[in-house]
Amino acid sequence: MQDQLKNPWRGTGLALDAPMPIDSAEGVGGLLALCPAHQPTPLLQIRQLANRFGVSLVTLKDERARMGLGSFKALGAAHAIAREAAATGQDDLHTALAGRTFVTASAGNHGLSVAAGARVFGARAVIYLSDTVPEAFALRLTGMGADVVRAGADYAASMDAAAKAATDNNWTLLSDSSWPGYTEPALRVMEGYTQMAAEIVAQVDAVPTHILLQAGVGGLAAAVAAHLRMAWGQSPQIIVSEPAAAPALIESIRAGQVVDTTGPDSCMGRLDCKTPSMIALNGLARDADLFVTISEEDARTAADTLTDLGLGTTPSGAGGIAALFAGLTLPADARVLAILSEGPESA
């Protein structure tokens, strides 16, 4: 384990000028059903991992085939765009957003969801990618009809470019992060992720004792944590893991405020975010019990192990369960839940 911090704000949270994550999935599934590929993803019990780490049960929510886009992020932007389409009141929602352009920066998967949502409802998508995003994602985006623009050496620079393009062209910026003055779009993207948590609640046989959630800006972790706290109360231990190269959440929790961090590029590309979402930080300060950082080696080992088990993924996709590979010790009767958040980059 590179670093770990027991959350001093647990149960109370921080006094940030940002909303809390939406904890209910009510209505989310109905909106997502407007997207033809929407259906629940499986929950898998992985006995080999339970035996390896000496715990009672390891369960993975397998998001690799979510809506045919390869990751949980299919739920977020597609939900936010579907909300806008439904709000028009038009009979034919497939053309409801004709003439609109949605723009975002992405490390890969969020951009795919923006592209898919825009295509379903008749809008245009423009996706800004930093130089570090694999070309495989760019090709998938263009294949879905999105316009791809390379801008900047890292995610933050590509986000700055996307925000400027939105202002200059009167486009709609649809980020999965939030910052002062920008919260509502990100809140609705995160709301889409509660669908995954609602499915988990319906699928489990026994409530987990430990929930391992990977984080970049924190949207997935905060949305899932909020819904699972609502469903299961305070008993499960929620543990948030992020790259040691991008310790945005753990350092912000340590400081009690949003902190911009620095570090080298991480192999956990979708988690390589140096500044947290304000909304996510707000929610996780209230709901998470422990924050940990994981090394590049541990993330790669976790991904390779899952791939050997027939569950092909990336270090980002394995970022939650990687906490166990990094040395997190749990009791023998632990029932562990983690999220396999994406498939291989080449999928």
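Residues numbered from 1 in each chain as written. Predicted model: local features only at pLDDT ≥ 70, side-chain atom pairs only at ≥ 80, totals over all residues. Heavy atoms only, no water.

Under an unreviewed UniProt entry, the chain has the name Pyridoxal-phosphate dependent enzyme and belongs to Donghicola mangrovi. Turning to the chain, the UniProt annotation filed under Cofactor (unreviewed entry) states: "pyridoxal 5'-phosphate". (UniProt positions renumbered as here; feature names shortened; annotations may be inferred.)

Observations regarding the pattern of salt bridges
Counted under the stated rule, the structure contains 19 salt bridges. Its salt-bridge partner being Arg229, residue Asp289 comes within 2.8 Å of it at the nearest N-O pair. Of the two residues, Asp289 sits in the loop between helix 10 (278-287) and strand 10 (290-294) while Arg229 sits in helix 8 (residues 219-232), which places them 60 residues apart along the sequence. Exposure remark for Arg229: the relative accessible area of 7% places this residue in the buried category. Because the salt bridges share partners, they merge into one network encompassing Lys61, Glu63, Arg66 and Glu199. (Salt bridge = Lys/Arg side-chain N within 4 Å of Asp/Glu carboxyl O. Helix = DSSP H or I, 4+ residues; strand = E, 2+ residues; numbered from the N terminus. Buried < 20%, exposed > 50% of the residue type's maximum accessible area, 1.4 Å probe, protein only.)

Quick word on the packing of helix 3 (residues 74-87) against helix 7 (residues 184-203)
With their axes 7 Å apart at the nearest point, helix 3 and helix 7 run at an angle of 115° to one another. The interaxial crossing formed by helix 3 with helix 7 has right-handed handedness. Touching Leu75, Gly76, Ala77, His79, Ala80 and Arg83 of helix 3 are Arg188, Val189, Glu191, Gly192, Tyr193, Gln195 and Met196, all from helix 7. (Axes fitted to C-alpha atoms, helices over the stretch in contact; angles between N-to-C directions. Left-handed = near helix turned anticlockwise from the far one by under 90°. Contact = heavy atoms within 4.5 Å.)

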